[in-house]
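Summary of structural features
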Amino acid sequence: ESQRLHAIWKEKTTLSQTQFGKQYALGIQSYVHQCLTGKTILTLKAGIAFARHLNCHLSEFSPRLDEELAKLVDFDNEQKALLVTNRLFSKRGAP
């Protein structure tokens, strides 16, 4: 994961690790470096920030995070559908 991310980082970025950390509210340079070198587990927040900045899909460097994000989106969509259904069929919403 970190090796793929680091390769894309080297190819596409013009920001320093410090600038990137500040711009994407990830913290200090050492955290960005740890993400790029695999010394810390890449979080979903960090993964999304890297994908946005590097203009690539999350799955290009982290299939794990891409799957995690897909599950969150599916869960969110299911919850929204349930909420709408409950509102449509509640006593107050009945015709």
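So, a few notes on the structure that sits alongside this text. (Residues numbered from 1 in each chain as written. Predicted model: local features only at pLDDT ≥ 70, side-chain atom pairs only at ≥ 80, totals over all residues. Heavy atoms only, no water.)

On to the environment of proline 63. Relative to the assigned elements, proline 63 resides in helix 5 (residues 63-89). As a C-alpha pair, proline 63 and glutamate 1 span 62 residues in sequence and 8.1 Å in three-dimensional space. Apart from the residues lying within four places of it in its own chain, the contact partners of proline 63 are Arg4 and Leu58. (Helix = DSSP H or I, 4+ residues; strand = E, 2+ residues; numbered from the N terminus. Contact = heavy atoms within 4.5 Å.)

Aromatic ring pairs are described here by two measures, namely the spacing of the ring centres and the angle between the planes. This structure, assessed with the given rule, holds four aromatic pairs. Ring geometry for tryptophan 9 and phenylalanine 50: centres 5.7 Å apart, planes at 75°, overall edge-to-face. You can see tryptophan 9 sitting in helix 1 (residues 2-12) and its partner phenylalanine 50 sitting in helix 4 (residues 44-54), a full 41 residues away along the chain. When sorted by exposure, tryptophan 9 lands in the same class as phenylalanine 50, which is buried. Geometrically, the ring pair formed by phenylalanine 20 and tyrosine 24 is tilted, given 4.9 Å between the ring centres and 40° between the ring planes. (Phe/Tyr/Trp six-rings, centres within 6.5 Å; stacked < 30°, edge-to-face > 60°. Buried < 20%, exposed > 50% of the residue type's maximum accessible area, 1.4 Å probe, protein only.)

This part covers the packing of helix 1 against helix 4. It is at 10 Å that the axes of helix 1 and helix 4 come closest, and there the two elements cross at 35°. Of the two possible hands of crossing, helix 1 and helix 4 adopt the one that is left-handed. Side by side, helix 1 and helix 4 meet where Leu5, Ile8, Trp9 and Lys12 of the first sit next to Phe50, His53 and Leu54 of the second. (Axes fitted to C-alpha atoms, helices over the stretch in contact; angles between N-to-C directions. Left-handed = near helix turned anticlockwise from the far one by under 90°.)

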